[in-house]
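Geometric and topological summary
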Amino acid sequence: MKSVVKLFKLGSSPPVDKVDMKCKQGENLLCVFLFFGPELPQEIQNKHISKPKRCSRSEQKAHHRSSVTDDHKSFMQHKNRPHPGPAAPSSRAQISIAVYRGWNFFLLIPCHVESPFIACLEAIPHQLLASREESLFQSLHSGADLSHLNLFVLCLQMMKFAWDNYKRYAWGKNELRPLTRNGHTGNMFGGLRGASIVDSLDTLYIMGLMEEYEEAKEWIQNNLDLNSNGEASLFEVNIRYVGGLLSAYYLTGAEIFKQKVMELGEKLLPAFNTPTGIPRGVINLGRFILRRLYKPFDGLHGFPLVFSDHVSIGGLGDSFYEYLIKSYLMSEKTDQEAQKMYYRAMEAIETNLVQKSPGGLTYVAEWRGGILDHKMGHLACFSGGMIGIGADDGPAGQRQHYLDLAAEITHTCHESYSRSATKLGPEAFRFDAGAEATANRLSDRYYILRPEVIESYMYMWRLTHNPKYREWGWEAVEALEKHCRVDAGFSGIRDVYASTVSHDNMQQSFFLSETLKYLYLLFSDDDLLPLEDWVFNTEAHPLPVIRKRCLQEHGTMQDDGQTNLE
Ligand code: DMJ
């Protein structure tokens, strides 16, 4: 089955009558029109639009018509509604229409897809888009509530706004400074440029922003220079550049991403050449000067990522634990060493770090020189999702326990948002000196567009389908729109407790790769990047589960058991 998402911006695209609605036999033709704007544009009013239709041999053109409903009010007028999203679409057209601010476009989901590659991955992109199309198709026919569609399209619109402004003011630089309307290169990437482009590739592709995806790809082809010569954080280059390129390759099959990621991978490899195998933290991409950052230490329960006397599942430790369970899942649950280490780590975390506040909130504290620090960082809020996805494969009888723990931590992280004036969460919140999920130090009060809390909402929604996670996600969208959207992009804020916000002038690349992607997935159907088939790296770049049997059948497994995913 073939499908693709096409976006047409009203004004710059053909009028509705002229949009090509032809499809070939065997393809699905589904047109979903979503309008954004204070009111339905003139050219659309009183017009009829196409109803979903599967092409038959005799009918190669869709002509079924039904009326557009225009009974949805603007997002801004719905601010106080208790449940996210406008009302369910009317039964007549059964098509959801969102009306939102001054930016008008409609979304057309018909027609084609190039199946990129890798027959043995069960969730290849044509399925990704086609299955979404199929389920929309079914929902439309069954009259199901499609109000969440409005929300994922709103996330898509936020992505387009963030991207357009990056493109306009910071193209080729690493990140956008939206207040001063210029770019910033930063010093984490050793002179590499275009971090926002590489980080956005898969989000653009998944959202169907194909024009933008093509621009990004062209920049990578012509301008991504890997021969830079500065000190880079191995971790940051790995999660953003390697992760971004690799995931773009898996999703699209475009050779350029493979070439670039292999070239970059070669440059990073020397950092892993250490007696312990634990990589060095800093690398010079040009001259191979390496500095040690990680200091292995036999600390709490023998786990290696202990920095002197500090143990945390937040900054500097988070991804280690995350990758234990994700390595296991990505290996099609065959990597038993990773499995064992993850559940041992979980046991240690529960025994030593997990706490309950006087007000009944579960949190993960930090450990400093044998003393508990009753503080939880925003970064540590990814752990709700991590513990959720690991719930199935732990010791017998523990599934519900882990799911409950994941839900409790996600609830606490939501509380850190809902207890602030802006409804966005601080960088770190405490559970001592009278604090309950709030920051008392000024230096902990900022929010830099981080994804971790929304990431846990997304996983918990997929795992439980409890509607509160979508409601919480919707609250975050409203807060981001209200406090972080500025004229030329999105910006972090300095104090989440101040109702008059002060912006930090930075649109972080992880806002495009993670925050907006997780929001979009939260409001999408589960078969868009199903969790059984895809594992997200710590920067939200999806990588496929490696299916060994299938690789063997397709002759892509080497003699030594290694996979060759060409
Ligand atoms: C991202 O770069 C990644 O999620 C990383 O693992 C942690 N920090 C940021 C987002 O907060």
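Residues numbered from 1 in each chain as written. Predicted model: local features only at pLDDT ≥ 70, side-chain atom pairs only at ≥ 80, totals over all residues. Heavy atoms only, no water.

As annotated in an unreviewed UniProt entry, the protein carries the name alpha-1,2-Mannosidase and is attributed to Sinocyclocheilus anshuiensis. The record held by UniProt for the protein lists under Sequence similarities (unreviewed entry) the comment "Belongs to the glycosyl hydrolase 47 family." UniProt's Cofactor (unreviewed entry) comment on the protein is quoted here verbatim: "Ca(2+)". (UniProt positions renumbered as here; feature names shortened; annotations may be inferred.)

Another aspect to go through is the overall build of the protein. The helix and strand tally for the protein stands at 14 helices and 22 strands. Taken across its 566 residues, the protein has 59% of its residues classed as buried. Look at the contacts in the protein between residues 6 or more apart in sequence, and 70% of them connect residues 24 or more apart. A total accessible area of about 22800 Å² is found for the protein, and carbon and sulfur atoms account for 49% of it. (Helix = DSSP H or I, 4+ residues; strand = E, 2+ residues; numbered from the N terminus. Buried < 20%, exposed > 50% of the residue type's maximum accessible area, 1.4 Å probe, protein only. Contact = heavy atoms within 4.5 Å. Areas by Shrake-Rupley, 256 points an atom, 1.4 Å probe, with all protein chains shown as cover.)

With that settled, consider helix α12 (residues 468-484). Here α12 is 17 residues long and its end C-alpha atoms lie 23 Å apart, about the 24 Å a rise of 1.5 Å per residue gives. Counted residue by residue, α12 has 13 buried out of 17 residues, so it is predominantly covered. (Expected span 1.5 Å × (residues − 1).)

Here we come to the site of the ligand. Contacts to the ligand come from F235, I239, R240, S319, L379, R450, P451, E452, F510, E514, T538 and E539. Within the contact set of the ligand, an oxygen atom lies 2.6 Å away from a side-chain nitrogen or oxygen of E452. T538 is positioned with one of its side-chain polar atoms (N or O) 2.8 Å from an oxygen atom of the ligand. Contact with the protein chains hides 93% of the accessible area of the ligand, taken as 300 Å² for the molecule alone. Mapped onto the shell around the ligand, the elements with two or more residues apiece are α5 (234-252) and α13 (509-522). No other element matches α5, which puts three residues into the shell around the ligand. Split into classes, the residues belonging to the shell around the ligand amount to five nonpolar, two polar and five charged. (Near = heavy atom within 4 Å. Polar contact = N/O pair within 3.5 Å; in protein donor to acceptor, adjacent residues only side chain to side chain. Nonpolar A, V, L, I, M, F, W, Y, C, P; charged D, E, K, R; others polar.)

A separate point is the confidence of the model for the protein. For residues with low pLDDT, the predicted coordinates do not support detailed interpretation. Per-residue pLDDT for the protein averages 76, and the proportion of residues at 70 or more is 66%. Low pLDDT (under 50) marks residues 43-134, which in the prediction has 280 contacts with non-local residues, meaning those over four places away or in another chain. (pLDDT = per-residue confidence, 0-100.)

What follows concerns the state of the cysteines. For the structure on display, the rule yields one disulfide. What pairs with C381 in a disulfide is C413, and their sulfur atoms sit 2.1 Å apart. In this structure, the disulfide formed by C381 and C413 twists by about -90° around the S-S bond and is classed as left-handed. Of this pair, C381 sits in the loop between β17 (375-377) and α9 (383-389) while C413 sits in helix α10 (residues 399-418), and the two are 32 residues apart along the sequence. There is no split in this pair, since C381 and C413 are both buried. (Disulfide = S-S within 2.5 Å.)

The next subject is the packing of aromatic side chains. The description of an aromatic ring pair rests on the distance of the ring centres and on the angle between the ring planes. Counted by the stated rule, this structure contains 19 aromatic pairs. Taking 6.4 Å as the distance between ring centres and 55° as the angle between the ring planes, the aromatic pair formed by Y213 and F257 counts as tilted. Here Y213, found in helix α4 (residues 210-223), pairs with F257, found in helix α6 (residues 255-268); they are 44 residues apart in sequence, far enough to count as distant. Feature note: the residues F161, F490 and F511 constitute an aromatic cluster, connected by ring pairs. Here the guanidinium or amino end of R485 rests over the ring plane of F161, the centre of that ring lying 4.1 Å away. (Phe/Tyr/Trp six-rings, centres within 6.5 Å; stacked < 30°, edge-to-face > 60°. Lys NZ or Arg CZ within 6 Å of the ring centre and 35° of its normal.)

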